[in-house]
Amino acid sequence: MSTDELRKRYEAAFMPNYGVPPLALARGEGCHVFDADGREYLDLIAGIAVSSLGHGHPALVEAVSSQVAMLAHTSNLFLHEPEVLLAERLRDLLDGDGRVFLTNSGTEANECALKLAIKYGKAHGRSYVVAAENGFHGRSMGALSLTGKAAIREPFGPFGLDVRFVPYGDADALKAVVDEDCAALFLEPTQGEAGVVPPPDGYFAAAREICDSTGALFVADEIQSAIGRTGAWFAFQNENAKPDILTLAKGLGGGMPIGACVAFGQHGGIFAKGDHGSTFGGNPVSAAAALAVLTTIERDGLLANAAAVGETLAGGLAAIDHPLLAGVRGRGLWRGAALTGPHAPAVEAAARDAGFLINALQPDALRIAPPLILTAAQATSFTAAFPAILDAASPAGPACAPDARPGKENQP
């Protein structure tokens, strides 16, 4: 079916919460995807920072194919080898510490962390949790209660949970609200959905110190930032500020649905038997995929690649002098291009016309989160095309430059 036909049938069959996506993707290869009409794009979104190894990576294909042929599902009534190996591998990456709960998604990982915090709070007479303004932790009712974006939270309240919001990046604000009555502090190392907004240097370390001094749990939501996205396995490692609870998802499965909640030290024993569960969490196929992702990132040096190519990408964007572009922020292959006004949807559309997929994250911010296998040549192909893309998106700019879609010669 063509893109137009698929979009019409999608609109008739699905709830309207996503609108109708502009493209129907049919297949992928490396860092490229192809739509239902056969047009090629350089994928700089990676399924919202999910497709760590790009598309059709042999290691992922082999892991998923082999596992689904042996055992696709067990439920939590039985254990299986891939989930045990995955939990052990995560513990190894986290210095041998931590107890793991596997989930289907990031939202569910944060739900698990919130239940841990609530049980901890009840056991120690602590009555509320703290989160950051403009933070995003998911859309289920528990995770949404922690999400500091009023436009998506308030239509579904009240939540029956005392959550206090503070400005992101303000350590003094944290000190004022995180005290001996606080059960937990939930923070992202960088606010992803707010526009890839990093805090000031030392903020995460200050949060760790505040929680240490008050006894509140420190929960790091690394749903989007972990598994090599910033050039380290986990973004908290950039500040050496290890949390009490860590939540993971997105890049962990390389495209397969999986998340994890890891609690460290004594906090790994907060749950008792029956306190939490998931029918599909730790699914054998998703666990096998995650193991393949972790093995490939380590074997192929993709942490170093994310750091190096991320600098190439950021440097190329920073060198552009254009009235629509205000700057670039972020770390590794997780960048936010800040704009001077609400031009992001137009820039996203112009980039798509030129053969590049980026994400209008906020009216004035674009997200660039490509596969970790992105090459320097591919990054440069985008930054070289970006001035013409900005021109095409400018209300007063010239018409779009000739098609600048990247060629197959840049594929890894």
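Our subject is the structure listed above.
Thresholds, definitions, all that
Residues numbered from 1 in each chain as written. Predicted model: local features only at pLDDT ≥ 70, side-chain atom pairs only at ≥ 80, totals over all residues. Heavy atoms only, no water. Helix = DSSP H or I, 4+ residues; strand = E, 2+ residues; numbered from the N terminus. Rg over C-alpha atoms; globule rule 2.2 N^0.38 Å. Buried < 20%, exposed > 50% of the residue type's maximum accessible area, 1.4 Å probe, protein only. Contact = heavy atoms within 4.5 Å. Areas by Shrake-Rupley, 256 points an atom, 1.4 Å probe, with all protein chains shown as cover. Lys, Arg positive; Asp, Glu negative; His and termini not counted. Charge placed at Lys NZ, Arg CZ, Asp CG, Glu CD. Core = buried A, V, L, I, M, F, W, Y, C linked by side-chain atoms within 4.5 Å. Pairing = 2+ DSSP bridges. Polar contact = N/O pair within 3.5 Å; in protein donor to acceptor, adjacent residues only side chain to side chain. Axes fitted to C-alpha atoms, helices over the stretch in contact; angles between N-to-C directions. Parallel < 35°, antiparallel > 145°, perpendicular 65-115°, else oblique. Left-handed = near helix turned anticlockwise from the far one by under 90°. Nonpolar A, V, L, I, M, F, W, Y, C, P; charged D, E, K, R; others polar. Phe/Tyr/Trp six-rings, centres within 6.5 Å; stacked < 30°, edge-to-face > 60°. Lys NZ or Arg CZ within 6 Å of the ring centre and 35° of its normal.

## Describing the overall build of the chain
Part 1 of the reasoning: Each helix and strand counted, the chain has 13 helices and 15 strands in total.
Part 2 of the reasoning: On C-alpha atoms alone, the chain measures out to a radius of gyration of 21 Å, which is about the 22 Å that the 2.2 N^0.38 rule sets for 412 residues.
Part 3 of the reasoning: Expressed along its principal axes, the backbone C-alpha trace of the chain runs to roughly 65 × 50 × 45 Å.
Part 4 of the reasoning: Out of the 412 residues belonging to the chain, those deemed buried represent 53%.
Part 5 of the reasoning: Long-range contacts, defined here as pairs at least 24 residues apart, represent 71% of the contacts in the chain between residues at least 6 apart.
Part 6 of the reasoning: Total accessible area on the chain is roughly 17,300 Å²; 54% of this is exposed by carbon and sulfur atoms.
Part 7 of the reasoning: A distance of 4 Å separates the average location of the 30 positive side-chain charges in the chain from that of its 45 negative side-chain charges.

## A look at the nonpolar core
Part 1 of the reasoning: By size, the foremost hydrophobic cluster in this structure holds 81 residues, and its most contacted members are Leu187, Phe234, Val347, Phe382, Phe386 and Ile389.
Part 2 of the reasoning: Ignoring sequence-local partners within four residues, the contact set of Phe382 consists of Leu44, Leu313, Leu317, Phe356, Ile358, Ile368 and Ile389.
Part 3 of the reasoning: Counting 20 residues, the second largest nonpolar core, distinct from the first, contains Leu116, Leu146, Phe186 and Ala263.

## Some thoughts on the sheet that holds strand β1 (residues 25-29)
Part 1 of the reasoning: Spatially, the four strands line up as an open sheet ordered β1-β2-β3-β13, and their pairing is mixed. Bordering the open sheet on either side are β1 and β13 (356-357), each of which pairs with just one other strand.

## What about the side chain of His80?
Part 1 of the reasoning: With respect to the element layout, His80 can be found in the loop between α3 (58-70) and α4 (81-93).
Part 2 of the reasoning: Looking at His80, the relative accessible area reads 5%, which means it is buried.
Part 3 of the reasoning: Here the side chain of His80 touches Gly282 through a polar contact of 2.7 Å, landing on its backbone oxygen.
Part 4 of the reasoning: Discounting chain neighbours no more than four positions away, the residues touching His80 are Leu71, Thr74, Gly282, Asn283, Pro284 and Ala287.

## A few points about the sheet that holds strand β4 (residues 99-103)
Part 1 of the reasoning: The mixed open sheet is built from seven strands, whose spatial order is β4-β10-β9-β8-β7-β5-β6. Among the strands making up the open sheet, the edge pair consists of β4 and β6 (163-166). Strand after strand, the sheet turns through a mean of 20° between neighbouring axes, direction not considered.
Part 2 of the reasoning: Pairing geometry for strand β5 (residues 128-132) and β6, over four bridges, is parallel. Note that in β6 the partner of Val129 across the bridge is Val163.
Part 3 of the reasoning: Contacting β4, β9 (245-248) and β10 (259-263), α4 crosses the sheet at an angle of about 125° to β4.

## Quick look at the packing of α3 against helix α10 (residues 284-299)
Part 1 of the reasoning: Running from N to C, α3 and α10 point in directions that differ by 155°, and their axes come no closer than 8 Å. Classified by the angle their axes make, α3 and α10 are roughly antiparallel. Between α3 and α10 the crossing geometry is right-handed. Taking contact as the criterion, the partners of Ala59, Leu60, Ala63, Val64, Gln67 and Val68 in α3 are, on α10, Pro284, Val285, Ala288, Ala289, Ala292, Val293 and Thr296.
Part 2 of the reasoning: Tallied by class, residues from the contact of α3 with α10 come to eleven nonpolar, two polar and no charged.

## Examining unusual backbone geometry
Part 1 of the reasoning: The peptide bond linking Gly157 to Pro158 adopts the cis configuration, its omega dihedral lying at 0°.
Part 2 of the reasoning: Here Pro158 is to be found in the loop between α7 (150-153) and β6.
Part 3 of the reasoning: One non-glycine residue, Ala49, adopts positive backbone phi at about 65°.
Part 4 of the reasoning: Within the secondary structure, Ala49 sits in helix α2 (residues 46-49).
Part 5 of the reasoning: Of the residues examined, Ala49 reaches a relative accessible area of 2% and is grouped as buried.
Part 6 of the reasoning: The backbone of Asn240 shows a phi angle near 55°, a positive value even though the residue is not glycine.
Part 7 of the reasoning: When its relative accessible area of 73% is taken as the criterion, Asn240 is described as exposed.

## Quick word on the packing of aromatic side chains
Part 1 of the reasoning: The tally for this structure, following the rule as stated, stands at six aromatic pairs.
Part 2 of the reasoning: Considering the side-chain rings of Phe234 and Phe236, the 5.9 Å spacing of their centres and the 15° angle between planes classify their relative orientation as stacked. The burial state of Phe234 is the same as that of Phe236; both residues are buried.
Part 3 of the reasoning: Lying over the aromatic face of Phe34, Arg27 brings its terminal NZ or CZ to 3.9 Å of the ring centre.
Part 4 of the reasoning: The positively charged end of Arg164 is found above the aromatic ring belonging to Tyr128, 3.6 Å away from the centroid.

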